[in-house]
Amino acid sequence: MISNARRSPGTRILVVDDSAVMRRTLRNLLETQDDWKVCDEASDGREAVAKFDQEKFDVILLDFKMPLHGMD
C-alpha cells in the first residue's frame, strides 16, 4: 500500500473557457479520474496567462474559439 504522503499530487489542470457552464462541466468530467485535479479555472486569455504565471500546471484545457478580449 502506498502512503498518501508519498503519492504524487497527480495531474494539475487549468480549464480556460468563457462559459461558466462549460468550465463546471469539464471540471466534473476531468475530476472523475483519480489522479487528475482541476486546480483553477479562467474565463479568458488574460486571466489564464496571469494564473499560469502564478502557478504552474501540467495541462491547460483551452477553448480555442474563445473571444480574444484584448489579447491581439
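Every chain's residues receive numbers from 1 upward, in the order its sequence appears when written. Only residues with pLDDT of at least 70 are given local features in this predicted model, and only at 80 or more are side-chain atom pairs given and counted; all residues enter the totals for whole chains, interfaces and linings. Each side-chain value is worked out from all heavy atoms of the structure, with water and hydrogens disregarded.

Enquirer: Even after reading the chapter, I still don't get the pairing of strand β1 (residues 11-16), so can you show me in this structure?
Expert: Looking down a regular strand, the side chains alternate between one sheet face and the other. Direction of pairing for β1 relative to strand β2 (residues 36-42): parallel, over a ladder of six bridges. Directly across from Leu14, in β2, lies its bridge partner Asp40. Strands are labelled as partners when DSSP assigns at least two bridges between them. Helical segments are the DSSP runs of H or I of at least four residues, strand segments are the runs of E of at least two, and each set is numbered from the N terminus. Pairing analysis gives four bridges linking β1 to strand β3 (residues 59-62), with the strands arranged parallel. When the bridges of β3 are listed, Val15 appears paired with Leu61.

Enquirer: What is the right way to look at the side chain of Arg23 in this model?
Expert: Relative to the assigned elements, Arg23 resides in helix α1 (residues 20-30). Note on contacts: a residue pair qualifies if any of its non-hydrogen atoms lie within 4.5 Å across the two residues. When neighbours within four sequence positions are excluded, Arg23 is seen to be in contact with Val15, Asp17, Asp18, Glu41, Ala42 and Ser43.

Enquirer: Teacher, can you tell me more about the pattern of salt bridges here?
Expert: One side-chain nitrogen of Lys or Arg within 4 Å of one carboxyl oxygen of Asp or Glu is enough to make a salt bridge. Scanning the model with the defined rule gives seven salt bridges in all. Of the charged contacts in the structure, one is a salt bridge between Glu31 and Arg27, with a shortest N-O distance of 3.5 Å. Accessible area is worked out with a 1.4 Å probe on protein chains only. A residue is then buried under 20% of its type maximum, exposed over 50%, and partly exposed in between. Relative accessible area serves as the criterion here: at 22%, Arg27 is assigned to the partly exposed category. Linking Glu47 and Lys51 is a salt bridge whose minimum nitrogen-to-oxygen distance equals 3.4 Å. Taken as a pair, Glu47 and Lys51 lie in helix α2 (residues 45-54) at a separation of four residues, close to a single helical turn. Since its relative accessible area comes to 17%, Lys51 is described here as buried.

Enquirer: When you look at α1 in this model, what are you seeing that I'm missing?
Expert: Residue pairs spaced three or four apart in an α-helix point in one direction, given the helix's 3.6 residues per turn. Of the positions making up α1, those classed as buried are Arg23, Leu26 and Leu30. One side of α1 carries all its buried residues, which in axial view fall inside an arc of 70°. Counted as exposed and oriented over 90 degrees from the buried face of α1: Val21, Asn28 and Leu29. Each direction from the helix axis to a C-beta atom contributes to the arc, which is the arc of those directions.

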